Amino acid sequence: MNTALVDFVYREARLLDEKRFDEWYGLLTEDVRYWMPLTRGQPDGETFTSLFYEDKLLLKVRIERLRHPNAFSQQQPSFCQHVLQQPTIETSDPAANHYVTRTPFMYFETQLDSQLVLAGVTYHHLTVIEGALRMRLKKIELVNCDAALPSIELLL
Amino acid sequence: MGAAMSRYRNSPQAIRALVRPDEVHRDVYLDREVFDLEMEQLWHHAWLYVGHDSQVPDAGDFYTTHLARDPVIMIRGSDGRVRVLPNRCAHKGTRLASAVSGKCAGGMLRCPYHGWTYRLDGTLRTVPLKSGYDGTAFASSPAAQGLPEVSSVNYRGFVFARLSNTGPAFEDYFGESLSSIDNMVERSPEGRLEVAGGVLRYLHDCNWKMFVENLNDAMHPMVAHESSAGTAKRTWESVGTPEGPAPMVIEQFVPFVNNYDFFEKMGVKVYANGHSYTGVNFSIHSKYSHIGEYERRMEQAYGAERARQILGEARHNTVYYPNLTIKGAIQAIRVARPLAVDKTLIESWTFRLVGAPDELLARTTTYSRLINAPTSMVGHDDLHCYRSIQEGLASSCNEWVSLHRNHSAAEAGGIAGTFGATNEAPMRGQYRAWAELMTLSMGEG
């Protein structure tokens, strides 16, 4: 199981880097949350603003928007590259069908001559549905979540 | 600087010539000297938003920020008053507080370099080995005077300051536009707001005025936001359940792609000194789902009639020229901080309506994340347009930017009034104020 968890984390990042968004979308549970908090130790995404706090519907909007011919900020397209450290298994609970990995990362996002570099730790909360691992929560803790940031156009 | 000619400094005529009744010259966005003069003149004469007094609830609490290029501390004194002080030791200039916010240890500000201490009202308290100044001119120098307080006004929790000793009085400067702050405050059953939910800090590589102008630009949403709000609308139509209410995010996104007729009819009110608000009659915030418990608490606090009036105002954006824009109906504000001629930091702050259910704060933080975050699909396209202006204006084909839409010769006597919201009157009003505030203390050099 541990290998499958680690493979999932690598594959998930690769699908984003290769803009294979439909395949990526297929990894999500119905109740998925894609969360990038605005502060350290942030308790929730409701009484506190987040950088991302997206459900499956919003993620669909985001993917469709990236493909829209009039997504003006993407007419010169952005590209991204995740560089992941070896994920560690934080929780492995088959009885509860609940698995958590922790993955330090660097993330590069470019648009022609500009390049943004971000770093942090990602937690994947995974569960098995019909024999396949699915992502219920992706929580991205940026090391500089409180910094003044430029546009982040793609998904970390 | 080198041998560059000074085109605008000490030349109020040259500054005024950048603003025509219906056009502005590109130098207002591109020229470094104009930017320097904005920081020294306009941003010194105008009343600038500093922060909210709920950020400094107790004596000794402070919040640090910048007004134009000046580092300042907003601090609550032992007398309960919130003051704005220069964040600069009177001795050698060290910043006295380096954290964004905190509490002064021992009820005083203490310089981390030579240990000079100040009372919370800025007066000098102690200087180590003071006898070293005996027989010197120290006592009559500015260094001995402590921290000179910046003129400030706390308007219903919103703290504004004016760096210059000259300039319009607070009430004259903002006038009736303060009604937007009134409405935001009155939306709390207790008449009180508290900063809550964190601050989004979004770097814009564009001139600050592009952001400020856009806040009352009703001609762009249906174009610039087609890919985000339009996609949200279509996605919901394809997967949504028509009988149920739309999720909050859809409710917030979809009105951005309402048609021209909607945006025209929402109306814009333009005041003197560059202030204005869109959403005189209704706005993109008017049709949000009712939150029953909140409405009950409002009726309890204000009576049914008054509560309906307060909640019936759903203003879109109010611009408090030059650095504050507010959304009373959603309890979010944006503060513009120019960093360079082509670089601006936009901070989005959100508020809790004291006495209202948490659901209201969730609505506020959701909106701010969707629209104002560096990750916002809406923000991306706005910023893309500002950046494109910053680059496009380098074109030598035309040095002037058009603000002709619905211009009328009658504006020569003043622009204040209510108009259809697609009118560019708010921008023309901003530039009229711009030229006045820029040249207020330049004389006729």
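Residues numbered from 1 in each chain as written. Chains lettered and ligands numbered in written order. Predicted model: local features only at pLDDT ≥ 70, side-chain atom pairs only at ≥ 80, totals over all residues. Heavy atoms only, no water.

**Q** For this particular structure, what's the right way to read helix H13 (residues 358-372) of chain B?
**A** Because each turn of an α-helix spans 3.6 residues, side chains separated by three or four positions end up pointing in the same direction. Between its first and last C-alpha, H13 of chain B extends 20 Å over 15 residues, near the 21 Å set by a 1.5 Å rise per residue. Burial analysis of H13 of chain B places 13 of its 15 residues in the buried class, the great majority of the element. (Helix = DSSP H or I, 4+ residues; strand = E, 2+ residues; numbered from the N terminus. Expected span 1.5 Å × (residues − 1). Buried < 20%, exposed > 50% of the residue type's maximum accessible area, 1.4 Å probe, protein only.)

**Q** Sorry if this is basic, but what is going on with the packing of aromatic side chains here?
**A** Both the distance between ring centres and the angle between the ring planes are used here to describe each pair of aromatic rings. As enumerated under the stated definition, the model contains 24 aromatic pairs over all chains in all. Consider the rings of tyrosine 63 of chain B and tryptophan 349 of chain B, whose centres lie 5.8 Å apart with planes at 90°: the pair is edge-to-face. Taken together, the residues tyrosine 63 of chain B in strand E4 (residues 61-67) and tryptophan 349 of chain B in strand E19 (residues 343-353) connect sequence positions 286 residues apart. For tyrosine 63 of chain B, a relative accessible area of 4% corresponds to the buried category. Judged by centre distance (6.1 Å) and plane angle (40°), the rings of tyrosine 155 of chain B and phenylalanine 170 of chain B are tilted. Taken together, the positions of tyrosine 155 of chain B in strand E11 (residues 151-155) and phenylalanine 170 of chain B in helix H4 (residues 170-174) put the pair 15 residues apart, joining distant regions of the chain. Members of the aromatic cluster, joined through ring pairs, are Trp47, Tyr49, Tyr155, Phe158, Phe160, Phe170, Tyr173, Phe174, Tyr320 and Phe351 of chain B. Positioned above the aromatic ring of tyrosine 25 of chain A is the side chain of lysine 56 of chain A, whose terminal nitrogen or guanidinium carbon lies 5.2 Å from the ring centre. (Phe/Tyr/Trp six-rings, centres within 6.5 Å; stacked < 30°, edge-to-face > 60°. Lys NZ or Arg CZ within 6 Å of the ring centre and 35° of its normal.)

**Q** Any chance you could explain the interface of chain B and chain A here in plain terms?
**A** How large an interface is tends to be reported as the accessible area lost when its parts come together. Facing 40 residues of chain B, the contacting portion of chain A comprises 32 residues. Looking at the side of chain B facing chain A, the largest losses of area belong to Arg369, Thr375 and Met377 of chain B, adding up to 22% of the total buried there. Put simply, arginine 65 of chain A and aspartate 381 of chain B hold a salt bridge, and the shortest N to O gap is 2.9 Å. If you look at where chain B meets chain A, you find 17 residue pairs in polar contact (both at pLDDT 80 or more). Contributions of two or more residues to the side of chain B that touches chain A are made by strand E13 (193-204), helix H7 (221-224), helix H8 (226-239), helix H9 (248-253), E19, H13 and helix H14 (377-392) of chain B. Take the side of chain B that touches chain A: its biggest share by element is 9 residues, from H8 of chain B. (Contact = heavy atoms within 4.5 Å. Buried area = accessible area lost by both parts, 1.4 Å probe. Salt bridge = Lys/Arg side-chain N within 4 Å of Asp/Glu carboxyl O. Polar contact = N/O pair within 3.5 Å; in protein donor to acceptor, adjacent residues only side chain to side chain.)

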